[in-house]
Amino acid sequence: MADCGEPDGPGNKDDITRSKNEGKELTKEEKQRLRKQKKHQKKQKERKNEKGPSETEKDKTPVSLLPPPQPVATQKAPSALPAPASAPIPVPASAPFHSSPAPSPADKPAKSKAELKAERRARQETDRAAKQPGSSSSGIKTKVPLSELNPVVKRLPEHVQVDDPAVVKRLAKKLERQQIPLRSDYGYKVSLFSHLHQYSRKAPLTQLLSIPSTVIHPSIVRLGLQYSQGIVAGSNARSVALLHAFKQVIRDYTTPPNEELSRDLVNKLKPYISFLNQCRPLSASMGNAIKYIKKEISNIPSQCKEEEAKTKLLTCIDRSSLVNNILCEAFEKSRKFRVIVVDSRPRLEGREALRRLVQRGISCTYVLISALSYILPEVSKVFLGAHALLANGYVMSRVGTSQIALVARTYNVPVLVCCETYKFCERVQTDSFVSNELDDPDDLMVTRKGKTQLENWQDVSSLGLLNLVYDVTPPDFVDLVITDLGMIPCTSVPVVLRVKNLDQ
Amino acid sequence: MEECLVEYFRTQMRTDPDMASAVAAIRTLLEFLRRDKGETILGLRESLKWATDCLTEVDSSVAVSSGGELFLRFISLTSLEHQDLSRCKKVMEERGELFLEKISLSRTKVAKLCHTFIKDGAKILTHSSSRVVLRVLEKAAAEKKRFTVYVTESQPDTAGKQMADALRRLNVPVTVVLDAAVGYVLEKVDLVIVGAEGVVESGGIINKIGTYQMAVCSKAHNKPFYVVAESFKFVRLYPLNQQDVPDRFKYKADTLRTVSDLSDEHPMIDYTPPSLITLLFTDLGVLTPSAVSDELIKLYL
């Protein structure tokens, strides 16, 4: 310890002052270095446990009045740590307290952590009170106590970290606590998408549920099964079904004694949402719906009687299909037009849309997406539905949408996206890899004339089947977004979100 | 009633030829408000709308209709909770005058923002005759910057020649070029500045015919394409292509009244999409085309 502590003391002080005055921002490398330091310090703590108090005294004086991160720097100085990483570290407050319990890296097993924390805080207060250096803590201003600075590290959602075993373990533990079975991935995953889940439709989650399962409400189980089998599909249909199921849940809910409805109901909803997530990853519109419901529930005043509260919630819930509706309405206004429905495997959702349009009497043409460049010269406008609109203007929709937008742009055909405002979300994404959904790869198998192609794809070790569900279209390809608030360009999504937040 | 209105409007345009037609229209509307003898606020609003329609029949530019609509919104944006109608009217009149004051200063604000983008020794290309562009160039000349200007002749009314005369009076070296010579001249030019008759929700502009061509050519040559426009020209249209611009803006007012079959007539304006525009200079600040929609939402909602 002595080697690290003393000689570097004064030199590092200058570094530290400079860095403190420069600013509080940390880059990724600095954060990584911090984590390494933490680990290193833990090890050192174990090793240097025997060192006497004299050592700590020596170290204490030069760096005594400096806030905890300082010793971290002094210790690491030999390993050429650049100055800015040291002082203004907005590290989660536990880190320095935890790893450098005393101003010196050496441990003082005699003092407990709480006492040391209090010591340090008192020191910081005296520093701030002293303001300008009259004390030996020359020129070092302790600007803000560490606890106020927020950790800047953002956590990735777990569903895009499937190849990280630590994350998967954490998820398994969480599901165990909530008594929900963990769905296992199926089949060989294409390496570029190995960070996403891939489930098989033939192994629904409900088979793993124990029969008297009191944790999950039966309507939610039914809903989960409908999602995983694809019976309820499409952004609007899923959200509506979700809200109906929640209505049933609220109707059957009774507040347990000594509990408040607003808090308990929200806690009850958590396992349901995990279960639904396991059946099929939540969509952006479902996420918004859930946020809204949770907000409504937590806003219920505690004095409200149970019956009242329940009716209140039910009424507030009560207030792609979209493109079809637009076309049908236009047809009713006797506009003369022809519709070309573009469809793609494996879902072939266009057939249902085609059926509905033809029933209304609209003249339609049906093509597969491979014939796109063939028909585009005779198209005047392209209408697309959206699954979600992201905050940077990108449109997240069924896979194939960005392809259509791209080809339409080269033919100079205007592309219009129809999307309700409840599908706007604060997320930002620039490509379709980071966060997506992998559907059952067995869907790509096709049986014609009794022969099934790709039947034994699992036997071929180097073959992977990829069944993507969503893709992301950049805003340069989209000319106009039609919403319930009016026509807006793609880049104005953050404005709408801002306006909506003000309303709420 | 109508002739009185139109006469007043025409007088305003005659007394100050430098004034934008939209400003004259708003002055007329304000005077109309003062003289109006209506009994209800709703009736007042209806008659103001009617007056705006009359004025658009006289001068069919986009700016007149957008200016009128903004005027109406601005004056009714306050709380009109007073019991007495005359007090309400007074409040509306005061706000109307405030609005008028603000927009009379808008050209100066635009000129102040834009002239810094004109560097010493710059060669500027502009289209037809725009008073805002003229004001910008006046300010740049007053700041002792040396620049040369190329103006397109801009058929069918050869408005470019008027612009050239005005610039010559400022001692700015100016050359008049044919509309067809835009591609030829663009390699010598450093930047392109045009005015606008209307700015649409997507961030695109509606301007004298020939502007779209100039924008496409400057994109091909990678020259910045700047638009200068006052904020009362922001209009709630969203055209996706040239066809989507309504007929009432495309042709002059007299043509619309007299001619039955418009397919023989040549349109006077065209639409430039936002992808070809670099920046817009307005009295609300320097905006990118995507920011126009944000400003419009703030103005109209």
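Residues numbered from 1 in each chain as written. Chains lettered and ligands numbered in written order. Predicted model: local features only at pLDDT ≥ 70, side-chain atom pairs only at ≥ 80, totals over all residues. Heavy atoms only, no water.

An unreviewed UniProt entry lists chain B under the name Translation initiation factor eIF2B subunit alpha, with Oncorhynchus kisutch as the source organism. One UniProt comment on chain B, placed under Sequence similarities (unreviewed entry), says "Belongs to the eIF-2B alpha/beta/delta subunits family." UniProt lists a comment for chain B under the heading Subcellular location (unreviewed entry), and it reads "Cytoplasm, Cytosol". (UniProt positions renumbered as here; feature names shortened; annotations may be inferred.)

Draft legend 1. Structural context of the pattern of salt bridges. Residues and elements named next belong to chain A. This model, assessed by the stated rule, comprises 26 salt bridges over all chains. For the salt bridge of Arg338 with Glu378, the shortest nitrogen-to-oxygen distance reads 3.3 Å. Of this pair, Arg338 sits in the loop between α14 (321-332) and β1 (339-343) while Glu378 sits in the loop between α16 (372-375) and β3 (382-385), and the two are 40 residues apart along the sequence. Salt-bridge contacts for Glu349 lead to Arg347; the nearest nitrogen and oxygen are separated by 3.7 Å. Under the relative-accessibility criterion, Glu349 is labelled partly exposed at 34%. Judged by relative accessible area, Arg347 falls into the partly exposed class, the value being 28%. Connected through shared salt-bridge partners, Arg347, Glu349, Arg398 and Asp439 make up one network. (Salt bridge = Lys/Arg side-chain N within 4 Å of Asp/Glu carboxyl O. Helix = DSSP H or I, 4+ residues; strand = E, 2+ residues; numbered from the N terminus. Buried < 20%, exposed > 50% of the residue type's maximum accessible area, 1.4 Å probe, protein only.)

Draft legend 2. Summary view of the interface of chain B and chain A. Contact residues are listed per partner, giving 8 residues for chain B and 11 residues for chain A. When the two sides are added together, the surface that chain B and chain A hide from each other amounts to roughly 950 Å², 64% of it contributed by carbon and sulfur. The largest per-residue losses of area from chain B upon contact with chain A belong to B:Tyr238, B:Leu240 and B:Ile297, which jointly make up 54% of the total buried on that side. Counting across the chain B and chain A interface gives 0 salt bridges. Residue composition of the side of chain B that touches chain A, grouped by class: 3 nonpolar, 3 polar and 2 charged. (Contact = heavy atoms within 4.5 Å. Buried area = accessible area lost by both parts, 1.4 Å probe. Nonpolar A, V, L, I, M, F, W, Y, C, P; charged D, E, K, R; others polar.)

Draft legend 3. Fine view of the nonpolar core. Counting 33 residues, the largest nonpolar core has A:Ile220, A:Leu242, A:Phe246 and A:Phe275 as the members making the most contacts within it. Sort the elements by how many residues they give to this core and helix α11 (residues 261-279) of chain A lands first, with 9 residues. For A:Ile220, the contacting residues outside a window of four places in its chain are A:Ala245, A:Phe246, A:Val249, A:Tyr272, A:Phe275 and A:Leu276. Counting 32 residues, the second largest nonpolar core, distinct from the first, contains B:Phe9, B:Ala25, B:Leu55 and B:Phe74. (Core = buried A, V, L, I, M, F, W, Y, C linked by side-chain atoms within 4.5 Å.)

Draft legend 4. Local environment of the side chain of A:Ser228. Residue and element names in this part refer to chain A. Structurally, Ser228 is set in helix α9 (residues 218-229). Exposure remark for Ser228: the relative accessible area of 8% places this residue in the buried category. At 3.2 Å, the side chain of Ser228 forms a polar contact with the backbone oxygen of Leu225. When sequence neighbours within four positions are dropped, the list of residues in contact with Ser228 reads Arg183, Arg201, Pro204 and Cys279. (Polar contact = N/O pair within 3.5 Å; in protein donor to acceptor, adjacent residues only side chain to side chain.)

Draft legend 5. Representation of the packing of helix α3 (residues 41-58) of chain B against helix α4 (residues 62-75) of chain B in the model. Residue and element names in this part refer to chain B. The geometry of α3 relative to α4 is characterised by a closest axis approach of 9 Å and an angle of 165 degrees between their N-to-C directions. Taken as axis vectors, α3 and α4 run roughly antiparallel relative to one another. Crossing geometry of α3 relative to α4 is assigned as right-handed. For the pair formed by α3 and α4, the contact residues are Arg45, Leu48, Lys49, Thr52, Leu55 and Thr56 on the first element and Val64, Ser65, Gly68, Leu72 and Ile75 on the second. Of the residues contributing to the contact of α3 with α4, the split by class is 5 nonpolar, 4 polar and 2 charged. (Axes fitted to C-alpha atoms, helices over the stretch in contact; angles between N-to-C directions. Parallel < 35°, antiparallel > 145°, perpendicular 65-115°, else oblique. Left-handed = near helix turned anticlockwise from the far one by under 90°.)

Draft legend 6. Local environment of the pairing of strand β6 (residues 205-208) of chain B. Residue and element names in this part refer to chain B. As paired elements, strand β5 (residues 198-199) and β6 share 2 bridges and run antiparallel to each other. Within the sheet, the bridge partner assigned to Val199 lies in β6 and is Ile205. Between β5 and β6, which pair antiparallel in sequence order, lie 5 residues; one of them, Gly203, sits at a positive phi of approximately 100 degrees. Sheet topology note: the β6/strand β8 (residues 269-272) ladder contains 4 bridges and is antiparallel. (Pairing = 2+ DSSP bridges.)

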